[in-house]
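Topology and contacts: notes
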Amino acid sequence: MRRDFMPTPLLILSCFGASWFLAESLDAPVNVSIRDLKVSSAVVTWDIPDGEPVIGFAITQQKKDVRMLRLIQEVNTTTRSCALWDLEADTDYIVHVQSISTSGPSPLSEPLRFKTPKEAETQASKSKDEVTMEEVDQNAQLRAGELIIIVVVLIMWAGVIALFCRQYDIIKDNEPNNNKDKAKNSSECSTPEHPSGGLLRSKV
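Predicted model, so just to flag it, every value in this text is computed and none were measured. (Residues numbered from 1 in each chain as written. Predicted model: local features only at pLDDT ≥ 70, side-chain atom pairs only at ≥ 80, totals over all residues. Heavy atoms only, no water.)

Below, the discussion takes up the overall build of the protein chain. A count of helices and strands for the protein chain gives 2 helices and 9 strands. Here the contacts in the protein chain between residues at least 6 apart in sequence split such that 65% fall between residues at least 24 apart. With the model as given, the accessible surface of the protein chain reaches about 14900 Å², and the carbon-plus-sulfur share is 58%. (Helix = DSSP H or I, 4+ residues; strand = E, 2+ residues; numbered from the N terminus. Contact = heavy atoms within 4.5 Å. Areas by Shrake-Rupley, 256 points an atom, 1.4 Å probe, with all protein chains shown as cover.)

So, in structure tokens, the structure goes:
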């Protein structure tokens, strides 16, 4: 169950004063910090001491040099973070966190001060990220094209080598047949009387 309202300063002071009497044994949250800081939003995180019977939390958000506070309260939860929204750009804020138990809230945590970035800075960071992504995409496309060219060249070389091996096998297989044909032709041209092929004439 979450509550978000804008109490008056008098109500805030009375609630904070009563917290010391309602839950004196409950320690305040520690390690309060800000993450995911943006122009109009942020996330506040914290830790609680071990063994504390915490059932919820309360967060006070205040602009610097402004008396009006914003109170965010949530019970029946064990979460250790809360989103802050509707923040103004380039503005200083002060945040306190309280733990809530069945006996009441804890004392306030140490004040956490942070400043939201300017819209121009956010847009510049976005443009840098977009340029980086474009460069990554271009590099990926170039690498893919280089790989395709290398694969095509390897396939062509493999085809040339296979064709050469096939022609070599054909030539090698034809050599015995050519030798047989040459031997057959030489035997047909010779006679029994004269191995060299001429006729033997008798002298008178």
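Let us look at the packing of aromatic side chains. One pass over the structure, following the stated rule, counts 2 aromatic pairs. Plain terms: the ring middles of Tyr93 and Phe114 are 5.6 Å apart, the flat faces sit at 20 degrees to each other, and that makes the pair stacked. With Tyr93 in strand β7 (residues 92-101) and Phe114 in strand β9 (residues 112-115), this residue pair connects regions lying 21 residues apart in the sequence. The aromatic ring of Trp85 is capped on one face by Arg70, whose charged end is 4.3 Å from the ring centroid. (Phe/Tyr/Trp six-rings, centres within 6.5 Å; stacked < 30°, edge-to-face > 60°. Lys NZ or Arg CZ within 6 Å of the ring centre and 35° of its normal.)

This part covers the environment of Phe57. Counting through the fold element by element, Phe57 comes out in strand β4 (residues 54-63). Distance in space between the C-alpha atoms of Phe57 and Thr78 is 8.7 Å, their sequence separation being 21 residues. Apart from the residues within four sequence positions on either side, Phe57 is in contact with Trp46, Ile72, Gln73, Glu74, Thr77, Thr79, Ser81, Cys82, Gln98 and Ile100.

To continue, consider unusual backbone geometry. Trans is the prevailing form of peptide bonds, just as negative phi is the prevailing case for residues other than glycine. The phi dihedral of Asn76 falls on the positive side, at around 60 degrees, and the residue is not glycine. Unlike most non-glycine residues, Asp90 shows phi in positive territory, near 55 degrees. Position of Asp90 among the secondary structure elements: in the loop between β6 (81-84) and β7. Judged by its relative accessible area of 35%, Asp90 falls in the partly exposed class. (Buried < 20%, exposed > 50% of the residue type's maximum accessible area, 1.4 Å probe, protein only.)

Residues Ile149, Val153, Trp157, Val160 and Ile161 make up a contiguous nonpolar surface patch of about 520 Å² in total accessible area. For Val153, the location among the structural elements is in helix α2 (residues 119-189). Assessed through its relative accessible area of 38%, Val153 is described here as partly exposed. (Patch = residues over 30% accessible without salt bridge, like charges linked within 9 Å, V, L, I, M, F, W, Y side chains within 5 Å. Salt bridge = Lys/Arg side-chain N within 4 Å of Asp/Glu carboxyl O.)

Here we come to the side chain of His96. Structurally, His96 is set in strand β7. Leave out the neighbours within four places in its chain, and His96 touches Ala58, Ile59, Thr60, Leu108, Ser109, Glu110 and Pro111.

A separate point is the pairing of β9. Burial along β9 is one-sided: the residues Leu112 and Phe114 are buried and none of Arg113 and Lys115 is. As paired elements, β7 and β9 share 4 bridges and run antiparallel to each other. Residue pairing across strands places Val95 opposite Leu112, the latter belonging to β9. (Pairing = 2+ DSSP bridges.)

A few words on the confidence of the model for the protein chain. The predicted model of the protein chain has a mean per-residue pLDDT of 77, with 67% of residues at 70 or higher. Considering each helix and strand of the protein chain separately, the mean pLDDT is smallest for helix α1 (residues 9-22), with a value of 45, and largest for strand β3 (residues 42-47), with 96. Contacts of residues 8-14 to residues separated by more than four positions or lying in other chains number 3 contacts, the stretch itself having pLDDT below 50. Contacts for the low-pLDDT stretch residues 197-204, under 50 throughout, to residues beyond four places or in other chains number 5 contacts. (pLDDT = per-residue confidence, 0-100.)

With that settled, consider the nonpolar core. If you look at the biggest cluster of nonpolar residues, it comprises 18 residues, and the most contacted ones within it are Val44, Trp46, Ile59 and Leu84. If near-sequence neighbours (up to four positions away) are discounted, Trp46 is found in contact with Pro29, Val30, Asn31, Val32, Phe57, Ile59, Thr79, Arg80, Ser81, Cys82 and Val97. (Core = buried A, V, L, I, M, F, W, Y, C linked by side-chain atoms within 4.5 Å.)

Taken across its 10 residues, β7 has 9 buried, putting it largely inside the fold. Direction of pairing for β4 relative to β7: antiparallel, over a ladder of 9 bridges. From the neighbouring strand, Thr60 faces β7, where its bridge partner is His96. Here β7 folds back onto strand β8 (residues 104-105) in antiparallel fashion, the turn holding 2 residues.

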